[in-house]
Amino acid sequence: MGFGEDFVWGAATSAYQIEGAVKEDGKGMHIWDVYTEQPGHIFEGHTGKIACDHYHRFREDVKIMKEMGLKAYRFSIDWSRVLPDGYGKVNEKGITFYSELIDELLENDIVPYITLYHWELPYEIYKQGGWMNPRIVEWFGEYAKLAAERFSDRVKNFFTLNEPQCFVGLGFLTGEHAPGIRAPLRDTFEMAHHAMKAHGRAVQMLRQYGKQPLNIGYAPTGSMCYPETEKAEDIEAARQMLFSMQTDDNNWTWNVAWWSDPVLLGHYPKEGLERYEAYLPKITEADMKLISEPIDIYGQNIYNGRCIRMGKDGKPEEVRRYEGFAKTAIDWPVTPECLYWGPKFLYERYGKPIYITENGLSCHDVVSLDGKVHDPNRIDFLARYLHELKRAAGEIELRGYFQWSLMDNFEWAKGYSERFGLVYVDYRTQERILKDSAYWYRDVILNHGKDL
Ligand code: GCO
């Protein structure tokens, strides 16, 4: 079995991480523009002011995608570039940029997948409460309507939100991402609820104003789990752990089921409603109906997972995370099995066609004396993970895989100190160099992963 001929092989990026041009052609400010200006938040004070200068170099970058044989490209629209205040006046130059990018992709037979929100919250909206303000549901809906009106004649695939776990959890629980706030627990649940309603409103508007039948989904992440062995009890333990409220309260956003049960099953998980009762906002039936507006595809960003076994007490327990695991440059464990078990468990629970919307790693990449970038660790990592994904492809409806990332880029609080790209970026000269892994991935795409 394995990957079919129509399996979507792609790569992903996000606006702030690659575009630069943060104050150009009418773009408004968003929370990362402001957050990165403040000293002390980002490694060595790095910002996305220039990043990979993709705003000016997108044609060159699409040419590279073509050379790599990519079939699809997942990118985000910077909400504040097309709606400087987040609502109201449209910035036509911002629309033109994304329109020209879409045309360039289509001319090169690369299918565009748009993420509407990859953390680029317009600062004007933030000043009015941002995700705490219930009006954000309508504001996000109006933004989705604009995207549908301007791009859905050529773009069929839309993801509404990228990783609400991060933009709520890291932005407002731990405060290590923009806007760097440690909000009261109850506020984070209210923000999360508004974000899920905003997702639902965007689905409605995309559906209503889409110029063609659309594939609509979203791209969450979460604390993935896989069994230590393939014994039935360990598999059951991993499945139980994955969909339980498995974290402590200060890391609650990593609980997968809290974000996906409402969208795909129409209700929050019972365990969570009981456990978090003291912190929850008012949740109405109308809210749940909006949140569970039917979607067509389900993205999941998976980098690693927790190794789980059934304990002697009949309860799931974790094998210690770093005991014997290889680690990537950003110190994340290498756990390929999560790319078989994660999609499998998610498909069994939700029954929606799945895309792996992000998977990849940071390596200590350097330009060697021969002028090339040799990244055997990335090839080894991808070979192991895609081997596991291929097994899942033989069992569930797995639509595609977007490697994170197309090119080295601004890695949030880590700035440019982490290199996740298949393409190396020299930030002083903006030179792009395809790493060995880019050529390896090209061959995987060419032969549909036959050798994985
Ligand atoms: C995320 C984001 C990406 C990151 C990537 C590496 O998943 O956190 O979607 O923007 O850059 O995952 O951390």
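Rules used throughout
Residues numbered from 1 in each chain as written. Predicted model: local features only at pLDDT ≥ 70, side-chain atom pairs only at ≥ 80, totals over all residues. Heavy atoms only, no water. UniProt positions renumbered as here; feature names shortened; annotations may be inferred. Near = heavy atom within 4 Å. Polar contact = N/O pair within 3.5 Å; in protein donor to acceptor, adjacent residues only side chain to side chain. Areas by Shrake-Rupley, 256 points an atom, 1.4 Å probe, with all protein chains shown as cover. Nonpolar A, V, L, I, M, F, W, Y, C, P; charged D, E, K, R; others polar. 1 Å grid on protein atoms, 1.4 Å probe; cavity = no way out; pocket = protein on both sides within 12 Å on 5 of 7 lines; lining within 4 Å. Points joined across faces, edges and corners; volume = space filled by probe spheres on them. Helix = DSSP H or I, 4+ residues; strand = E, 2+ residues; numbered from the N terminus. Phe/Tyr/Trp six-rings, centres within 6.5 Å; stacked < 30°, edge-to-face > 60°. Buried < 20%, exposed > 50% of the residue type's maximum accessible area, 1.4 Å probe, protein only.

- As annotated in an unreviewed UniProt entry, the protein carries the name Beta-glucosidase and comes from Faecalicatena faecalis.
- Turning to the protein, the UniProt annotation filed under Sequence similarities (unreviewed entry) states: "Belongs to the glycosyl hydrolase 1 family."

1. Section: the site of the ligand
Line of reasoning, step 1. By nearness alone, 13 residues border the ligand, and Gln17, Glu163, Tyr303, Glu358 and Glu411 come closest of all.
Line of reasoning, step 2. One of the side-chain N or O atoms of His118 is found 3.0 Å from an oxygen atom in the ligand.
Line of reasoning, step 3. Between Tyr303 and the ligand, the recorded distance is 2.7 Å, taken from a side-chain N or O atom to an oxygen atom.
Line of reasoning, step 4. For the ligand, the protein covers 95% of the area, taking 320 Å² as the surface of the free molecule.
Line of reasoning, step 5. Per-class residue counts for the shell around the ligand are six nonpolar, four polar and three charged.

2. A short note on the layout of surface pockets
Line of reasoning, step 1. In this model, the largest pocket occupies a volume close to 1000 Å³.
Line of reasoning, step 2. Residue lining of the largest pocket: 37 residues in total, with Cys166, Leu170, Trp254, Asn304 and Trp332 positioned closest to the centre.
Line of reasoning, step 3. Breaking the lining of the largest pocket down by element, the ones donating at least two residues are α8 (164-173) and β8 (305-310).
Line of reasoning, step 4. Of the pockets and cavities examined, the second largest pocket occupies roughly 180 Å³.
Line of reasoning, step 5. Lining the second largest pocket are 13 residues, and of these Gly4, Asp6, Phe7, Leu398 and Arg399 lie nearest its centre.
Line of reasoning, step 6. Here the residues of the lining of the second largest pocket sort into eight nonpolar, two polar and three charged.

3. What about the packing of aromatic side chains?
Line of reasoning, step 1. A full pass over the atoms with the stated rule returns 54 aromatic pairs.
Line of reasoning, step 2. Pairing Tyr117 with Phe140 gives two aromatic rings, centres 6.3 Å apart and planes at 90 degrees, and the pair type is edge-to-face. One end of the pair, Tyr117, is in strand β3 (residues 111-117); the other, Phe140, is in helix α7 (residues 136-151), with 23 residues separating them in the sequence. In this structure, Tyr117 and Phe140 share a single accessibility class: buried.
Line of reasoning, step 3. On the basis of an interplanar angle of 50 degrees and a centroid distance of 4.5 Å, the ring pair of Tyr416 and Tyr427 is categorised as tilted. One end of the pair, Tyr416, is in the loop between β11 (398-404) and β12 (423-426); the other, Tyr427, is in the loop between β12 and β13 (431-434), with 11 residues separating them in the sequence.

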